[in-house]
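Commentary on secondary and tertiary structure
The lines below spell out each chain.
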Amino acid sequence: MAEVSKRLEQEYGSGFDKTSISRMIKFYQEFPDFEKVATLSQQLTWSHFVEILPIQDELKRDFYAAMCMQKNWSVRTLRERKKSMLYERTAISKKLPVNLHSS
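As the structure is a computational prediction, the values presented were derived from the model and not from experiment. (Residues numbered from 1 in each chain as written. Predicted model: local features only at pLDDT ≥ 70, side-chain atom pairs only at ≥ 80, totals over all residues. Heavy atoms only, no water.)

1. Focus on the overall build of the protein chain
The condition is simple: Only DSSP runs of H or I reaching four residues or more are called helices, and only runs of E reaching two or more are called strands; each is numbered from the N terminus. Partly exposed residues are those whose accessible area sits between 20% and 50% of the maximum for their type, while under 20% is buried and over 50% is exposed, using a 1.4 Å probe and protein chains only. Any two residues having at least one pair of non-hydrogen atoms within 4.5 Å are treated as being in contact. For the accessible areas, the method is Shrake-Rupley and the probe is 1.4 Å, while residue cover comes only from the protein chains on display.
Each helix and strand in the protein chain was counted, giving eight helices and zero strands. For the protein chain, the residues scored as buried account for 33% of the 103 residues in total. Taking as baseline every contact in the protein chain between residues at least 6 positions apart, the subset at least 24 positions apart corresponds to 51%. For the protein chain, the exposed surface amounts to about 7,000 Å²; the carbon and sulfur share of it is 52%.

2. Looking at helix H2 (residues 18–30)
Put simply, the rule is: Expected helix span is taken as 1.5 Å per residue step, with the number of steps being one fewer than the number of residues. In this description, the arc belongs to the directions extending from the helix axis to the C-beta atoms.
Taking 1.5 Å per residue, 13 residues should reach 18 Å; H2 reaches 18 Å between its end C-alpha atoms and fits that length. Taken residue by residue, H2 has Ser20, Ile21 and Phe27 as its buried positions. Buried residues of H2 fall within an arc of 120° about the axis and therefore sit on the same side. Against the buried residues of H2 lie helix H1 (2–12), helix H3 (34–41) and helix H4 (46–52).

3. A closer look at the nonpolar core
Looking at soluble globular proteins, one finds that nonpolar side chains tend to be buried together. To keep things clear, this is the line we draw: In this description, a nonpolar core means a group of buried Ala, Val, Leu, Ile, Met, Phe, Trp, Tyr and Cys residues linked to one another through side-chain atoms lying within 4.5 Å.
By size, the foremost hydrophobic cluster in this structure holds 19 residues, and its most contacted members are Phe31, Leu40, Leu44, Tyr64 and Trp73. Looking at this core, the elements with two or more residues in it are H3, H4, helix H5 (58–71) and helix H7 (86–89). At six residues, the largest contribution of residues to this core is made by H5.

By themselves, these are just geometric observations and shouldn't be taken as functional.
Quick look at the structure:
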């Protein structure tokens, strides 16, 4: 990882430290669906993704991503909602899958 980081930073500049590369790999693993990524990336920042990536449960991760898009949450608001366990307190999380492709 250190060698890859060093090469990428030499070729492309800063932003490719080991932590960033680990996040990029995790992002690719957690969001393999191109359509989902295209939809999310139009409305969410990388900082949103950094907050969402550690969520292990795919339905929960999709819930928070969809809420960010639908409610136009800032990263700060996303953190607050996660901390308050909004997903766990919301009935929809127990009933319906989240549709990231709806407007």
